[in-house]
Amino acid sequence: MTSVVDRFLQYVKFDTQSDELTNMTPSTPGQMIFAQHLEQELRQLGLTEISLDDNGYLMATLPATPGLEKAPVVGFIAHLDTSPDASGRHVSPRIVENYDGSDIVLNRETGITLSPSEFPELKDYVGQSLIVTDGNTLLGADDKAGIAEIITAIAWLKEHPEVKHGKIRIAFNPDEEIGQGAHKFDVDRFGADWAYTMDGGAIGELEYENFNAAVAKVTFHGRNVHPGSAKHKMINSLRIATQYAIMLPRWETPEHTEGYEGFYHLTSIEGTVEQTVLTYIIRDHDRDRFERRKKELEHLARKINKEFPGCAEIEIRDQYYNMREKIEPVMHIINLAEEAMRAAGVEPVVVPIRGGTDGAQLSFKGLPCPNIFAGGLNFHGRYEFVPIPSMEKATKVIVEIARLAACK
């Protein structure tokens, strides 16, 4: 049977980098090409209820073991796209056998090195075989490792009918990296009682809390006058925007926070004397603090307008919410995942996601959907790597969830 490593090395060859500027679904043609390839693979495996819609959402079924048709329907989900933050074209992965703890030279020509002095988590994988990049692209373990693990686990279950399970649904969706993966996901058509995204990081990660998220656009209107005669006439929107930015708490930014700590993150500044736009993302796990952060941005805009009437206007748009409120009523699905991990020889590490996940949006659409590790680290850049044993363990966790869900 094709191994999870073989599948992964094949999948990363597909260029599936998403693009938030195209206003299409999927946002790039490479994602549909990859989905069509996976569709054929699923047909060859003999799965049923296979569907690939025009938006690039691929779904399929592994039927229940005879007699277990009434067992809960469990889903497994991963995303087709890779991050726009780094090139996903011409990915050239390499296996470092039995990593010895030293620096890994990714590219001798450019001197790019993956070093434990900069990435200390490497030390956790001494003695294991790692898949790394050639230093020119990201790797794509986010989330092609998840896809490889799901398909390998489903193929294994099909080849081992002695391991009994209920109906299993799988889905691969586009555009997770640009926050649109769940937008056109048909939860009713998927038809699972609950699901897991295989999209987490290091081995053992189990996540059912994520940030509440919003984006804010603050626009400052100025008045340009020749600087030689500007006294009491010019209103410099750039300077006022800078004044606004430094009014926010200095230490509540991504580079100064961790764990459950939220932040304001200035992501772009575009401006001239006449007009300047600041774009922020707002993040917090706690819903009340999240709402207070939004109110603080609005309060500061009002303060600016007291000094410069009509100068500032603010638009805030919520993006997603913490899935915890949807998972807590069904905590048995977390307990099941923890039990499956231990059965696979993995100690669960329950951590909050300092970001978002398709599972959050799907949970609010009626499909409870926590997140499980796929094994990769250092996502979205050339220093991304994935330990092979982590992918193998993730595959086994899927098998154990399928088995245990049918026993409950």
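Residues numbered from 1 in each chain as written. Predicted model: local features only at pLDDT ≥ 70, side-chain atom pairs only at ≥ 80, totals over all residues. Heavy atoms only, no water.

> It is not clear to me how the packing of aromatic side chains should be interpreted in this structure. Could you clarify?
The geometry of an aromatic ring pair is captured by two quantities: the separation of the ring centres and the angle between the planes. Under the criterion given, the structure shown has eleven aromatic pairs. Taking the centre distance of 6.1 Å and the plane angle of 75° together, the rings of Y125 and F385 count as edge-to-face. With Y125 in the loop between β6 (112-114) and β7 (130-132) and F385 in strand β17 (residues 385-387), the pair connects residues that are 260 residues apart, well separated along the chain. A relative accessible area of 0% places F385 in the buried class. Put simply, the rings of Y11, F14 and F34 touch in pairs and so form one group of aromatic residues. Over the ring of F34 we find K144, and its NZ or CZ is 5.4 Å from the ring centre. The aromatic ring of Y264 is capped on one face by R293, whose charged end is 4.9 Å from the ring centroid. (Phe/Tyr/Trp six-rings, centres within 6.5 Å; stacked < 30°, edge-to-face > 60°. Helix = DSSP H or I, 4+ residues; strand = E, 2+ residues; numbered from the N terminus. Buried < 20%, exposed > 50% of the residue type's maximum accessible area, 1.4 Å probe, protein only. Lys NZ or Arg CZ within 6 Å of the ring centre and 35° of its normal.)

> I would appreciate a short explanation of the side chain of S390 in the present structure.
Structurally, S390 can be placed in helix α10 (residues 388-407). With sequence-adjacent residues up to four places away left out, S390 is seen in contact with Y125, I203, F373 and G375. (Contact = heavy atoms within 4.5 Å.)

> Sorry, what's going on with unusual backbone geometry here?
Negative phi is the rule for most residues except glycine; trans is the rule for most peptide bonds. Across the junction of T25 and P26, the peptide omega takes the value -5°, indicating a cis bond. Here the residue pair D142 and D143 is connected by a cis peptide bond, since its omega of 15° sits within 30 degrees of zero. Residue position: D143 is located in helix α3 (residues 141-159). Phi at D175 is positive, roughly 65°, even though this residue is not glycine. With respect to the element layout, D175 can be found in the loop between β8 (168-173) and α4 (187-190).

> When you look at the packing of helix α2 (residues 29-44) against α3 in this model, what are you seeing that I'm missing?
Each pair of packed helices gets described by two things: the angle between the helix axes and the distance between those axes. Close contact between α2 and α3 brings their axes to 12 Å; oriented N to C, the two are set at 15°. The pairing of α2 with α3 is recorded here as roughly parallel in orientation. Between α2 and α3 lies a crossing of right-handed hand. Taken together, the residues of α3 that come into contact with α2 (itself represented by F34, L38, E41 and L42) are K144, I147 and I151. For the contact of α2 with α3, the residue count by class is five nonpolar, no polar and two charged. (Axes fitted to C-alpha atoms, helices over the stretch in contact; angles between N-to-C directions. Parallel < 35°, antiparallel > 145°, perpendicular 65-115°, else oblique. Left-handed = near helix turned anticlockwise from the far one by under 90°. Nonpolar A, V, L, I, M, F, W, Y, C, P; charged D, E, K, R; others polar.)

> Sorry if this is basic, but what is going on with the pairing of strand β1 (residues 48-52) here?
The side chains of a regular strand alternate between the sheet's two faces. Two elements, β1 and strand β2 (residues 58-62), share three bridges in a ladder whose sense is antiparallel. If you follow L52 over to β2, its bridge partner there is L58. Joining the antiparallel neighbours β1 and β2 is a turn of five residues, in which G56 adopts a positive phi near 90°. (Pairing = 2+ DSSP bridges.)

> Help me out: how do you make sense of the sheet that holds strand β15 (residues 349-350) in this one?
The strands that make up a sheet are held in pairs by hydrogen bonds between backbone atoms, and each pair lies either parallel or antiparallel. Taken together, eight strands build an open sheet; the order of strands is β1-β2-β8-β3-β9-β16-β10-β15 and the sheet is mixed. The outermost strands of the open sheet, each flanked by one partner alone, are β1 and β15. Where strand β10 (residues 205-207) meets β15, two bridges bridge the pair, whose relative direction is parallel. Bridge pairing in β15 links E205 to V349. Strands in contact with α2 are β1, β2 and β8; relative to β1, the strand with the most contacts, it is inclined by about 165°.

> Hey, could you run me through the sheet that holds strand β4 (residues 94-96) in this one?
Pairing in this open sheet of three strands is antiparallel, and the strands run β4-β7-β17 from one edge to the other. Single-partner strands in this sheet number two, and they are β4 and β17. In this sheet, adjacent strand axes meet at a mean angle of 25° when their direction is disregarded. Sheet topology places β4 next to β7; three bridges connect them, and they run antiparallel. Its bridge partner lying in β7, I95 is registered against I131. Of the strands in this sheet, β4, β7 and β17 are in contact with α10, which crosses β17 at around 65°.

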